[in-house]
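# A structural walkthrough
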Amino acid sequence: MNASKPRRAWSDVFHRSRISPHVFVVADPARRGVAQVLHGLRLPEASSISLFDNAHWASPLLDGAVTRLRTYGFSTLPSATRVYGHRPLRLLCHLMDLRPPARALVGERAVPTVEQLLADLDRQRHVDIETLLAQARTTMANDPQEVLAAVRALFGEEAVGATASER
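Parameters and conventions
- Residues numbered from 1 in each chain as written.
- Predicted model: local features only at pLDDT ≥ 70, side-chain atom pairs only at ≥ 80, totals over all residues.
- Heavy atoms only, no water.
- Buried < 20%, exposed > 50% of the residue type's maximum accessible area, 1.4 Å probe, protein only.
- Helix = DSSP H or I, 4+ residues; strand = E, 2+ residues; numbered from the N terminus.
- Phe/Tyr/Trp six-rings, centres within 6.5 Å; stacked < 30°, edge-to-face > 60°.
- Lys NZ or Arg CZ within 6 Å of the ring centre and 35° of its normal.
- Pairing = 2+ DSSP bridges.
- Core = buried A, V, L, I, M, F, W, Y, C linked by side-chain atoms within 4.5 Å.
- Contact = heavy atoms within 4.5 Å.
- Salt bridge = Lys/Arg side-chain N within 4 Å of Asp/Glu carboxyl O.
- Polar contact = N/O pair within 3.5 Å; in protein donor to acceptor, adjacent residues only side chain to side chain.
- pLDDT = per-residue confidence, 0-100.

## Thoughts on helix 2 (residues 86–95)
Since the α-helix packs 3.6 residues into each turn, any two residues three or four apart lie on the same face. Among the 10 residues in helix 2, 7 count as buried, and that is most of the element. Taken as a whole, helix 2 has its buried residues at His86, Pro88, Leu89, Arg90, Leu91, Leu92 and Cys93. At the exit of helix 2 stands Asp97, carrying a positive phi of roughly 55°.

Rendered as structure tokens:
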């Protein structure tokens, strides 16, 4: 009998940010996998790229977003791929065949079912593209204060649980 390969844990791919309990940093080896999943969802992507400045890419995902930041020179926020929101994190866990967190995470109000997440994703696909791009642009941050402002804008004032800095 061929035993199935055990699924990797969510914490093998996503690390909690020290900036906010609503932000997760994607481990470097998993960045490509996250990008492939996002590409497959065919959600819009906002970007900001200019000479001598940080480069940003952001895609809305449910009530949050997935962002990539590439810094050039000195920056208080390191280059990384980040997931804003517990629901986007849980959806990515499902789509990447990862074991999701077993219980509610810090700041998570309720743990949705996979069916709820997929239904919300389907509804999101029918939202006006400009609205989705505006949501994504909210998360284009260059420093921890801008990350907290994005968390506040997406999830409300009570969601801002600032801590030190990212690893």
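## Concerning the packing of aromatic side chains
Within the structure shown, the criterion is met by 1 aromatic pair. The interplanar angle of 85° and the centroid separation of 6.1 Å between the aromatic rings of Trp10 and Phe24 together place this pair among those described as edge-to-face. Highlighted residues: Trp10 in the segment before strand 1 (14–16) and Phe24 in strand 2 (residues 23–26), separated in sequence by 14 residues. Of the two residues, Trp10 and Phe24, neither departs from the other in class, the shared state being buried. Here the guanidinium or amino end of Arg68 rests over the ring plane of Trp57, the centre of that ring lying 4.4 Å away.

## Details of the pairing of strand 2
Neither face of strand 2 is exposed, since Val23 and Val25 on one face and Phe24 and Val26 on the opposite face are all buried. As paired elements, strand 1 and strand 2 share 3 bridges and run antiparallel to each other. The residue of strand 2 that forms the bridge with Phe14 is Val26. Here strand 1 folds back onto strand 2, and the loop between the two strands holds 6 residues. Note that strand 2 and strand 6 (residues 80–84) share 3 bridges and pair antiparallel. If you follow Phe24 over to strand 6, its bridge partner there is Val83.

## Details of the nonpolar core
Counting 24 residues, the largest nonpolar core has Phe14, Leu61, Val83, Leu89, Leu92 and Met96 as its most contacted members. Taken together, the elements giving at least two residues each to this core come down to strand 2, helix 1 (31–41), helix 2 and helix 3 (114–124). In contact with Leu89, not counting residues within four places along its chain, are Trp10, Phe14, Phe24, Val83, Pro101 and Leu105. In this structure, Val23, Leu69, Leu77 and Val147 belong to the second largest nonpolar core, which totals 12 residues.

## Quick word on the pattern of salt bridges
Taken as a whole and judged by the stated rule, the model has 8 salt bridges. In this structure, Glu45 and Arg68 form a salt bridge, with 3.7 Å as the shortest nitrogen-oxygen distance. Of this pair, Glu45 sits in the loop between helix 1 and strand 3 (46–48) while Arg68 sits in strand 5 (residues 64–70); the two residues are 23 residues apart in sequence, bridging distant segments of the chain. You can call Glu45 partly exposed: its relative accessible area is 46%.

## Here we look at the environment of Ser79
Structurally, Ser79 can be placed in the loop between strand 5 and strand 6. When near neighbours in sequence (up to four residues on either side) are disregarded, Ser79 contacts Leu69, Arg70 and Thr71. A polar atom in the side chain of Ser79 sits 2.7 Å from the backbone nitrogen of Thr71.

## Notes on the confidence of the model for the protein
Per-residue confidence for the protein averages 89 on the pLDDT scale, and 92% of its residues sit at or above 70. This model gives residues 162–167 a pLDDT under 50, and the stretch forms 15 contacts once residues within four places in sequence are excluded.

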